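Chains, contacts and geometry: an overview
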Amino acid sequence: MERTPHVLVVDDHREIRDLLARYLAKNGLRVTTADGGGEMRAALRVGAVDLVVLDVMMPGEDGLSLCRWLRSQGDVPIVLLTAVSEETDRIVGLELGADDYVTKPFNPRELLARIRAILRRASVAPKPADGDGAGRFAFAGWTLDARRRSLFGADGKEAPLGAAEFRLLLALVSRPGAVMTRDQLLDVTAGRAANPFDRSIDNLVSRLRRRIEPDPQRPSLVKTVRGDGYVFAAEVEAKP
């Protein structure tokens, strides 16, 4: 029997928590609610959670702080609830590793659609072929630490790497020499539900190349396979 996905709703407004809990449960999800960081952590200790819906504007520990903490603990998907006027919060949230956001006031049906899209991506995302169980990947003088979600240069210094860039690089180094389509890469990197004509993956690849390529204009690590997608062309050593 297929397991029912478990969603944790974190919001300091009781009306919103109760509304979402009823609506999501009515539509086939198991729901736990929390009024802030303390109850959220307690719920996470009790059992596995498949996705967290997290309000940004909360007293005490706000949603962005909790998003940062969640991402430091693992890869549970996060959907932020943000005020329509707070574009900065949405951008910062995505940079911290949130998978998506919905602006208040919102239609519960839209939130449900985004939750289902993220859970679907998580279930079909390409799995590492050659690096199963690996925690670090060494290539061309770089080391990607998957557990710490960090990239280090040959000098041992950490290089800046956004959440989407990390996911893209991890997907590529986990399958060196394998061509990955844009759709596959969107599955593992896209925060918002991808449009069939979405070219954001090309922009993300360009940003990653500027991070790691000796010459981003003549890439030797992340190569384009015309009409198919991208391939990681460097030798990769996967380590526990």
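The following refers to the structure shown. (Residues numbered from 1 in each chain as written. Predicted model: local features only at pLDDT ≥ 70, side-chain atom pairs only at ≥ 80, totals over all residues. Heavy atoms only, no water.)

Some details on the sheet that holds strand β1 (residues 6-10)
Within a sheet, adjacent strands bond to each other through the backbone by hydrogen bonds, running parallel or antiparallel. How we decide: Following DSSP output, two strands are said to pair if at least two bridges run between them. Runs of E in the DSSP output that reach at least two residues are strands. Runs of H or I that reach at least four are helices, and both are numbered from the N terminus. To obtain an axis, a line is fitted to C-alpha atoms, over the contacting stretch when the element is a helix, and the angle between two such axes runs from 0 to 180 degrees between their N-to-C directions. In what follows, residue pairs with any heavy atoms lying within 4.5 Å of each other are defined as contacts.
Read across the sheet, 5 strands follow the order β2-β1-β3-β4-β5 without closing on themselves; strand pairing throughout is parallel. Taken across any chain shown, the strands that pair with only one partner, and hence form the sheet edges, are β2 (30-34) and β5 (100-104). Across the sheet, the mean angle separating the axes of adjacent strands is 20° when strand polarity is ignored. As paired elements, strand β4 (residues 78-83) and β5 share 5 bridges and run parallel to each other. Bridged to T82 within β5 is T103. On the sheet, helix α3 (residues 63-73) packs against β3 (51-55) and β4 and is oriented at approximately 155° with respect to β3.

So, the nonpolar core
Inclusion rule: Here, nonpolar core means buried Ala, Val, Leu, Ile, Met, Phe, Trp, Tyr and Cys residues that are tied together by side-chain atoms lying within 4.5 Å of each other. Here the term buried applies to any residue with accessible area under 20% of the maximum for its type, exposed to any over 50%, and partly exposed to those in between, with areas from a 1.4 Å probe on protein chains only.
If you look at the biggest cluster of nonpolar residues, it comprises 28 residues, and the most contacted ones within it are F139, L144, L151, L169, I212, V222 and F232. Residue assignment for this core shows that the elements contributing at least two residues are β6 (136-139), β7 (142-145), α6 (163-173), α7 (182-189), α8 (200-212) and β12 (229-232). Element by element, the count of residues in this core is highest for α6, at 6 residues. Ranked by size, the runner-up nonpolar core spans 20 residues in total, among them L8, M40, L66 and I78.

Description of the sheet that holds strand β10 (residues 180-181)
Here 3 strands make up an open sheet; going across it, the order is β10-β12-β11 and the pairing antiparallel. Since the sheet does not close on itself, it has two edges, and those belong to β10 and β11 (222-225), each with one partner. The pairing of β11 with β12 spans 4 bridges and is classified as antiparallel. Across the sheet, K223 pairs through a bridge with V231, a residue of β12. Helix-sheet contacts for α6 involve β10, β11 and β12, and the interaxial angle to β12 is about 65°. In this fold α8 packs onto β11 and β12, with an angle of close to 150° to the strand it touches most, β11.

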